[in-house]
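The chain contents come next:
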Amino acid sequence: MSSSHLSVQFLQQQAASLLLYQSVLEGDVGQAFLQLLETLQQGDSLAGFKAYGRWFRALATYGQSWQDYVIAKILQDANPFSDRVQRQDIQELPPALVAAAKRDLQALQRLSQCNSKQVSEWLTGQPVAWIAPMGEETVLHEYESWEKGIDTLAAHYRQQGTGLFARYSALSWQQGQLWGISHPDPVQLGDIIGYELQKEALIKNTEFLLAGYRALHVLLYGSRGSGKSSLIKGLLNQYAQKGLRLIEVTKSNLKDLPAIVEQLRDVPQKFVIFVDDLSFEEDDEAFKALKVVLEGSVTARSRNVVVYATSNRRHLVREFFSERPRPSEGDEVHAWDTMQEKLSFRDRFGLTLTFESANQDTYLTIVRHLANQAKIDLNPKELEFRAKQWATRHNGRSGRTAQQFIDFLSAELALF
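Residues numbered from 1 in each chain as written. Predicted model: local features only at pLDDT ≥ 70, side-chain atom pairs only at ≥ 80, totals over all residues. Heavy atoms only, no water.

> Account for the overall build of the protein, naming residues and giving values.
A count of helices and strands for the protein gives 17 helices and 7 strands. In the protein, which comprises 416 residues, the proportion classed as buried is 44%. Intrachain contacts of the protein at a sequence separation of at least 6 include 79% that bridge at least 24 residues. (Helix = DSSP H or I, 4+ residues; strand = E, 2+ residues; numbered from the N terminus. Buried < 20%, exposed > 50% of the residue type's maximum accessible area, 1.4 Å probe, protein only. Contact = heavy atoms within 4.5 Å.)

Here you go:
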């Protein structure tokens, strides 16, 4: 038997011996690699070239080296070790579980060292080797033997989570489950100008959450286009690496809110449940569900979850003049109490931040800031004149209007 066949057989044994991290090889790249090993072991050169092509294409699609791909899958993998080490110190885990994790890390490192250059040498005809650009240094790169980095890996799992929470910082709740958002809004906190006190209060509350203290539920109320939603999205981009996750829940799915919170309760990451444009109708089931989460129930409140909601309405529950208490036969005796419950719903948020309409000075400050970011080279007086015209002809003065103006101006100056 040739040395290449012995090497291939050894790698197959390593893959077959995985105890916890089997799913690392379950993706399209891992399966293509295992199929390649199988064809190489059989000695079918034509099938080997085809299998190599599938593996090459899969790696090229991800744009990663084989080793970087394996490490990325290890960091995201949900298994008994990665799940339990998020809640317990590694010294408290069963020794057999830790030993199995170390054994798997050894095996995966050996598999990852079989790069496409080596495989191409095993195949006659010398196919092109896949050489990817150097990836970002991550947890295991610094260790010559990956099993020695198990404590660092455990700390990574506690901070960044596993599975969906490791792959995505932003998620949405749809059809009764969480879905990852591949391309979240890249807005930064520094992009939001003119509401510094509100921004400072929201940042402080979020840092309380990340530090493990009781953070408050927050209602961001005010005029449209003032940056309420952008401010919440900016928090994610600021704190995702510190374990913050954002879960977007639409009003139609608020009935599931208690179930969502229970699902997140024992996860070590911190979660902002983001509800945009919040308002309720009469006898709305979503109203009752949100009330349970804000006020609590018999179940203790989860310390790692807060609700950040935005609204353009001062009173979140619509009220009609016909609902005003008028004593008459057949009416509710304590109708005034019912109306007060509706009007005071926003008080159930621990923190209410008000975003007033931007005056002209604030609007122009935002425009100048965004123009500077976009590197727009225009006379300041002309910039202000055109910004005022835009606000008059379009949606009034707001951060959203300023962004729309700058987007239009950038394209116009580039093309004409």
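Next comes the rest of the write-up.
> I'd like a description of the environment of Gly161, backed by residues and values.
Looking at where Gly161 falls in the secondary structure, it is placed in the loop between α8 (150-160) and α9 (164-167). In the structure, Gly161 is positioned 108 residues away from Gln269 in sequence and 6.7 Å away in space, judged by C-alpha atoms. What Gly161 contacts, discounting residues up to four positions off in sequence, is Leu75, Gln86, His156, Ala166 and Gln269.

> Lay out the nonpolar core in plain terms, naming residues and giving numbers.
Among the nonpolar cores identified, the biggest contains 47 residues, and Tyr21, Trp55, Trp66, Ile74, Phe81 and Leu108 are the most heavily contacted of them. Elements that contribute at least two residues to this core include exactly α1 (3-16), α2 (28-42), α3 (45-62), α4 (66-76), α6 (95-112) and α8. In this view, Ile74 contacts Tyr21, Val24, Leu105, Leu108, Leu140, Trp146, Leu153 and Tyr157; residues no more than four positions away in its chain are not counted. (Core = buried A, V, L, I, M, F, W, Y, C linked by side-chain atoms within 4.5 Å.)

> Account for the sheet that holds strand β6 (residues 305-311), with residues named and values stated.
What links the strands of a sheet is backbone hydrogen bonding, and the strands pair in either a parallel or an antiparallel sense. Strand order in the open sheet made by the 7 strands is β2-β1-β4-β5-β6-β3-β7, with mixed pairing throughout. Each end of this open sheet is capped by a strand with a single partner; those strands are β2 (177-180) and β7 (351-355). Averaged over all pairs of adjacent strands, the angle between strand axes in this sheet comes to 25°, irrespective of strand direction. Of the pairings in the sheet, the one linking strand β5 (residues 270-275) to β6 comprises 5 bridges and is parallel in character. Its bridge partner lying in β6, Val275 is registered against Ala309. (Pairing = 2+ DSSP bridges. Axes fitted to C-alpha atoms, helices over the stretch in contact; angles between N-to-C directions.)

> Can you tell me about the packing of helix α15 (residues 360-373) against helix α16 (residues 380-393), naming the residues and giving the values?
In contact at an axis separation of 10 Å, α15 and α16 are set at 120° when each is read in the N-to-C sense. The pairing of α15 with α16 is recorded here as oblique in orientation. Along this stretch, α15 crosses α16, giving a crossing that reads as right-handed. For the pair α15 and α16, the contacting residues are Gln360, Tyr363, Leu364, Val367, Arg368 and Ala371 in the first and Leu383, Glu384, Ala387, Lys388, Trp390 and Ala391 in the second. (Parallel < 35°, antiparallel > 145°, perpendicular 65-115°, else oblique. Left-handed = near helix turned anticlockwise from the far one by under 90°.)

> Explain the packing of aromatic side chains to me, and be specific about the residues and the numbers.
The full count for this structure, using the stated rule, is 13 aromatic pairs. When the ring of Phe165 is compared with that of Phe271, the centres are 5.0 Å apart and the planes differ by 65°; the resulting orientation is edge-to-face. With Phe165 in helix α9 and Phe271 in strand β5, the pair connects residues that are 106 residues apart, well separated along the chain. For the pair formed by Phe165 and Phe271, the shared burial category is buried. Aromatic side chains Trp390 and Phe408 sit 5.1 Å apart centroid to centroid with 40° between the ring planes, which places their arrangement in the tilted category. Here Trp390 is found in helix α16, whereas its partner Phe408 is found in helix α17 (residues 399-415), with 18 residues between them in sequence. The exposure class assigned to Trp390 is buried, which follows from its relative accessible area of 14%. On the basis of relative accessible area, Phe408 is assigned to the partly exposed category, the value being 44%. In this structure an aromatic cluster arises from ring pairing among Phe33, Tyr52, Trp55, Phe56, Tyr62, Trp66, Tyr69 and Trp130. (Phe/Tyr/Trp six-rings, centres within 6.5 Å; stacked < 30°, edge-to-face > 60°.)

> Requested: an account of the pattern of salt bridges, with residues and values cited.
What the rule picks out here adds up to 5 salt bridges. When the shortest N-O distance is used, the salt bridge between Glu196 and Lys199 registers 3.7 Å. With Glu196 and Lys199 both in helix α10 (residues 196-210) and 3 residues apart, the pair spans about one turn of that helix. Classification of Glu196 by relative accessible area gives partly exposed; the value is 43%. Of the residues examined, Lys199 reaches a relative accessible area of 10% and is grouped as buried. Here Glu262 and Arg265 are joined by a salt bridge, their closest N and O atoms 2.6 Å apart. (Salt bridge = Lys/Arg side-chain N within 4 Å of Asp/Glu carboxyl O.)

> Before we move on, could you go through the packing of α16 against α17 and cite the residues and values that matter?
Close contact between α16 and α17 brings their axes to 10 Å; oriented N to C, the two are set at 120°. Relative to α17, the element α16 is oriented oblique. Between α16 and α17 the crossing geometry is right-handed. Contacts between α16 and α17 pair Leu383, Arg386, Ala387, Trp390 and Ala391 from the former with Thr401, Gln404, Phe405, Phe408, Leu409 and Glu412 from the latter. Looking at the contact of α16 with α17 residue by residue, the classes come out as 7 nonpolar, 2 polar and 2 charged. (Nonpolar A, V, L, I, M, F, W, Y, C, P; charged D, E, K, R; others polar.)

> Quick one: what's the story with the pairing of strand β3 (residues 218-222), residue by residue and with numbers?
Extensive coverage of β3 is indicated by the burial of 5 of its 5 residues. The pairing of β3 with β6 spans 4 bridges and is classified as parallel. Bridge assignment links Leu219 to a residue of β6, and that residue is Ala309. Looking at chain direction, β3 and β7 are connected through 5 bridges and run parallel. Following the sheet pairing, Gly222 is matched in β7 by Phe355.

> How would you summarise unusual backbone geometry if you had to cite specific residues and measurements?
Not every positive phi belongs to a glycine, and Asp277 is a case in point at roughly 55°. Mapped onto the fold, Asp277 is located in the loop between β5 and α13 (285-295). Overall, the relative accessible area of 48% leaves Asp277 in the partly exposed class. With a phi close to 55°, Lys375 is a non-glycine residue in the positive phi region. Judged by its relative accessible area of 73%, Lys375 falls in the exposed class.

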